[in-house]
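Working through the structure, step by step
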Amino acid sequence: MRNAYFIISIFTLFNTAILSSELDYTVYHDKIIAAQELLVDEKYNESLQLYYKCFQEFEFVFAKDVYHATQIAGYLENKKLFDSLYSLCCLKGISYKLLNKTKLIKNLLNKDSVKYFKIYKTQNNIYLSKLDLKLRSELKKRYAEERKAKLLPGTKIYREVVNQNYDRLRTIIKSGSFPGEHLIGIDYGNLDPKYPFLDKDMEISNDFVYGTLLHYPFAYSELKKELHDALKKGKTSPEMVAYLYSFEKTRNGVLYPHQNGIDSIKYPYSYNMIEPYSNNKSKINADRKAIGLCSIETEEKKK
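1. Concerning the layout of surface pockets
Rolled over the atoms, a probe with the dimensions of a water molecule shows which regions are left empty. Roughly 1,200 Å³ of volume is contained in the largest pocket. What lines the largest pocket is a set of 43 residues, among which Lys64, Ile204, Ser237, Glu239 and Met240 lie closest to the centre. When residues of the lining of the largest pocket are assigned to their parent elements, the largest contribution, 5 residues, is made by helix α12 (residues 207-215). Tallied by class, the residues present in the lining of the largest pocket amount to 17 nonpolar, 12 polar and 14 charged.

2. Quick look at the nonpolar core
Core analysis: the biggest nonpolar cluster contains 41 residues, and Tyr28, Phe55, Tyr86, Ile94 and Leu99 have the highest contact counts within it. Residue assignment for this core shows that the elements contributing at least two residues are α2 (25-40), α3 (44-57), α4 (63-76), α5 (79-91), α6 (96-101), α7 (103-109) and α8 (113-129). Judged by nonpolar contacts, the second largest core, of 38 residues, contains Leu135, Tyr166, Val241 and Tyr267.

3. Points about the packing of α4 against α5
Packing of α4 against α5 leaves a shortest axis separation of 9 Å and a crossing angle of 155 degrees. Accordingly, the angle class assigned to the pair α4 and α5 is roughly antiparallel. Helix-helix and strand crossings are classified by hand; for α4 and α5 the assignment is left-handed. Residue-level contacts link Val66, Tyr67, Ala69, Thr70, Ala73 and Gly74 of α4 to Leu81, Phe82, Leu85, Tyr86, Leu88 and Cys89 of α5. Its residues assigned to classes, the contact of α4 with α5 comprises 10 nonpolar, 2 polar and no charged.

4. Here we look at α3
Under the 1.5 Å per step criterion, the end-to-end length of α3 is 20 Å for 14 residues, consistent within 8% with the ideal 20 Å. For α3, the full list of buried residues reads Ser47, Leu48, Tyr51, Tyr52, Cys54 and Phe55. All buried residues of α3 fall inside an arc of 160 degrees around its axis, so they share one side.

5. A few points about helix α14 (residues 238-250)
If you check α14, its first and last C-alpha atoms are 18 Å apart, about what 13 residues at 1.5 Å a residue would give, namely 18 Å. Where burial is concerned, most of α14 is hidden: 11 out of the 13 residues are buried. The inward-facing, buried residues of α14 contact α2, α12, α13 (219-232) and α15 (281-291). Looking at the residues trailing α14, positive phi occurs at Arg251, about 50 degrees.

6. A few points about the environment of Asp30
Locating Asp30 in the fold gives a position in helix α2. Residues Asp30 and Lys289, 259 residues apart in the sequence, show an inter-C-alpha distance of 8.0 Å.

7. Description of the packing of α5 against α8
Helix packing for two helices is described by the angle between their axes and how far apart those axes are. Across the interface, α5 lies against α8 with an axial gap of 7 Å and an inter-helix angle of 40 degrees. The angle between α5 and α8 falls in the class oblique. Both α5 and α8 take part in a crossing whose hand is right-handed. Facing Lys79, Phe82, Asp83, Tyr86, Ser87, Cys90 and Leu91 of α5, the residues of α8 in contact are Lys115, Tyr116, Phe117, Ile119, Tyr120, Gln123, Asn124, Ile126 and Tyr127.

How each quantity is defined
Residues numbered from 1 in each chain as written. Predicted model: local features only at pLDDT ≥ 70, side-chain atom pairs only at ≥ 80, totals over all residues. Heavy atoms only, no water. 1 Å grid on protein atoms, 1.4 Å probe; cavity = no way out; pocket = protein on both sides within 12 Å on 5 of 7 lines; lining within 4 Å. Points joined across faces, edges and corners; volume = space filled by probe spheres on them. Helix = DSSP H or I, 4+ residues; strand = E, 2+ residues; numbered from the N terminus. Nonpolar A, V, L, I, M, F, W, Y, C, P; charged D, E, K, R; others polar. Core = buried A, V, L, I, M, F, W, Y, C linked by side-chain atoms within 4.5 Å. Buried < 20%, exposed > 50% of the residue type's maximum accessible area, 1.4 Å probe, protein only. Axes fitted to C-alpha atoms, helices over the stretch in contact; angles between N-to-C directions. Parallel < 35°, antiparallel > 145°, perpendicular 65-115°, else oblique. Left-handed = near helix turned anticlockwise from the far one by under 90°. Contact = heavy atoms within 4.5 Å. Expected span 1.5 Å × (residues − 1). Arc of directions from axis to C-beta.

Okay, here's the thing in structure tokens:
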């Protein structure tokens, strides 16, 4: 009974959020950046409170941000906020296996493992009920086939599979329904022996979509408007859009045509991801902030 009351109270708390469709997610990412800056400055309580306030203000929040905030609550042993954020982690689809192997979370889970596992099962069922499971299954299968084709000699079959997958994704994205974690959830390739060709480092990501977008030549340019609309509406993350841009900028894929150098006129932005390192930190930080990323100094301190 106590567990049921606890879960109901979590819904009451986070249902005070404003509908995501009413908000520009630039505001959300600015708040997350501010929380990250407080964290690297070791202002843990202030960082946690800012994360928590942000999660109350937005109906949809990104799983990775909740996961980070839950670790801060665990570090501070703030049980009240930890319980709320842990429940939200489960509601965002983060696996119990990952939560239970994360030291700052595991330490508190072990104090009442039966209660926390029950919360996980209840919240995870709600998470699954909100997804388009048919689309998720389709995109997961397509991406697994793409990974398998990449291991074959040559690029002919791989190119065909990537093209087919991209055509399908382009149709979905152009329809205005970006298949982000709000729609198909987060992916866990390393937890599914059915698809051994999926990346082993999948934890909290959207690789079932971005894996294909990264490898199809000039996907960013073709879908630029839709990507930035999705970013503004909270349907995709700035990390993934910036990485896709940088991938195309450097043509860092086997299916891209060769280029000599980088076209800095066509690709003027720098996010300090996979492109060659630049000493112009002020420009990089301005570009990163504009898309919703923290400064490179904060990023380096987070590691």
